[in-house]
Amino acid sequence: MKTWQKTVSFVAGFALLLNSFVAPFSVLAQEIIPEPTPVATTEPATTPVATIESSTTPEPTVTPVASPIDVATITPEPTP
């Protein structure tokens, strides 16, 4: 009976020791998937060319005119 307990104890201790060394390797062994690299197109992309149109007549600008606003004044009446 004593030999059986020593054998089980030895196997359990060896399993714990082996597990403590093997676990970090499983993390390192995971494959890292690289991001796909963009493929350059063979046709050059056309860039739009900005054109400036000059106008000879300036457009009229509208200026807002300040008008007084009628504000009703409330006078309190004393109650009897």
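Residues numbered from 1 in each chain as written. Predicted model: local features only at pLDDT ≥ 70, side-chain atom pairs only at ≥ 80, totals over all residues. Heavy atoms only, no water.

- For the protein, the name recorded in an unreviewed UniProt entry is FecR protein, with Candidatus Shapirobacteria bacterium GW2011_GWE1_38_10 as its organism.

### Comments concerning helix 1 (residues 2-28)
Now for step 1: With 27 residues, helix 1 should cover 39 Å at 1.5 Å per step; its first-to-last C-alpha distance of 40 Å lies within 8% of that length.
Now for step 2: The sharpest bend along helix 1 reaches about 30 degrees and sits at Ser20, with the proline Pro24 one to four residues further on. (Helix = DSSP H or I, 4+ residues; strand = E, 2+ residues; numbered from the N terminus. Expected span 1.5 Å × (residues − 1). Bend = angle between axes of the 7 residues up to and from the residue.)

### Structural notes on the packing of aromatic side chains
Now for step 1: Scanning the entire structure with this criterion turns up one aromatic pair.
Now for step 2: Between Phe10 and Phe14, the aromatic rings sit 6.5 Å apart at their centres with planes inclined by 20 degrees, giving stacked as the arrangement. Taken together, the positions of Phe10 and Phe14, both in helix 1 and four residues apart, correspond to about one turn of that helix. (Phe/Tyr/Trp six-rings, centres within 6.5 Å; stacked < 30°, edge-to-face > 60°.)

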